[in-house]
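The chain contents come next:
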Amino acid sequence: MDEQTLRHQIELADLPAGVHVTQVPGAGVVLRATHGEERGLEIQLTDDAERMYGEGPAVATALARLKQAAQAGLPACRTDGTYERLVFVGD
């Protein structure tokens with residue numbers, strides 16, 4: 001997914017104030033939602049998930065899950081500086 005389309009989908013997700021979503025390096029598509037540097041969550045969309053559900057719907061689903069997590073309170077960053085990661089796989 002190109003950067004402009006991803007930015008548009010992030011805007012449409014209407015995340016809570018102060019929550020930022022970025023794409024980070026990793027296998028497939030990895031989206032990271034953070035609130036400051038001390039709270040965050042990542043979702044990895046595998047290539048199989050993108051093929052099975054379609055790139056747009058898979059990203060929209062991941063963003064909806066990140067929004068839910070942000071509304072509930074993102075988990076704290078781990079002591080090694082990494083964030084909890086959920087993996088969205090294809091069946």
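Look a little higher up for the structure.
Read on for a plain summary of the structure. (Residues numbered from 1 in each chain as written. Predicted model: local features only at pLDDT ≥ 70, side-chain atom pairs only at ≥ 80, totals over all residues. Heavy atoms only, no water.)

1. Concerning the side chain of E50
With respect to the helices and strands, the residue E50 is situated in helix α2 (residues 47-53). In this structure E50 is buried but unpaired, with R51 as the nearest side chain of opposite charge at 7.6 Å. Discounting chain neighbours no more than four positions away, the residues touching E50 are G28, V29, L45, E55 and A58. (Helix = DSSP H or I, 4+ residues; strand = E, 2+ residues; numbered from the N terminus. Buried < 20%, exposed > 50% of the residue type's maximum accessible area, 1.4 Å probe, protein only. Lys, Arg positive; Asp, Glu negative; His and termini not counted. Salt bridge = Lys/Arg side-chain N within 4 Å of Asp/Glu carboxyl O. Contact = heavy atoms within 4.5 Å.)

2. Here we look at the packing of aromatic side chains
This structure, assessed with the given rule, holds 1 aromatic pair. Note on Y53 and F88: the rings are 5.3 Å apart at their centroids and 20° apart in plane angle, and the pair reads as stacked. In this pair, Y53 is assigned in helix α2 and F88 in strand β4 (residues 84-88), connecting sequence segments 35 residues apart. Note on Y53: relative accessible area 34%, which makes it partly exposed. (Phe/Tyr/Trp six-rings, centres within 6.5 Å; stacked < 30°, edge-to-face > 60°.)

3. Some thoughts on the sheet that holds strand β1 (residues 19-24)
Spatial ordering of the open sheet is given by β1-β2-β3-β4, a layout of 4 strands whose pairing is mixed. At either margin of the open sheet sits one strand with a lone partner, and together these are β1 and β4. Each strand axis lies, on average, 20° off the axis of its neighbour in the sheet, ignoring direction. The pairing of strand β2 (residues 29-35) with strand β3 (residues 39-45) spans 7 bridges and is classified as antiparallel. Paired with V30 across the two strands is Q44, which belongs to β3. This element, helix α3 (residues 55-72), spans β1, β2, β3 and β4 of the sheet and lies at about 160° to β3. (Pairing = 2+ DSSP bridges. Axes fitted to C-alpha atoms, helices over the stretch in contact; angles between N-to-C directions.)

These figures capture arrangement, not role.
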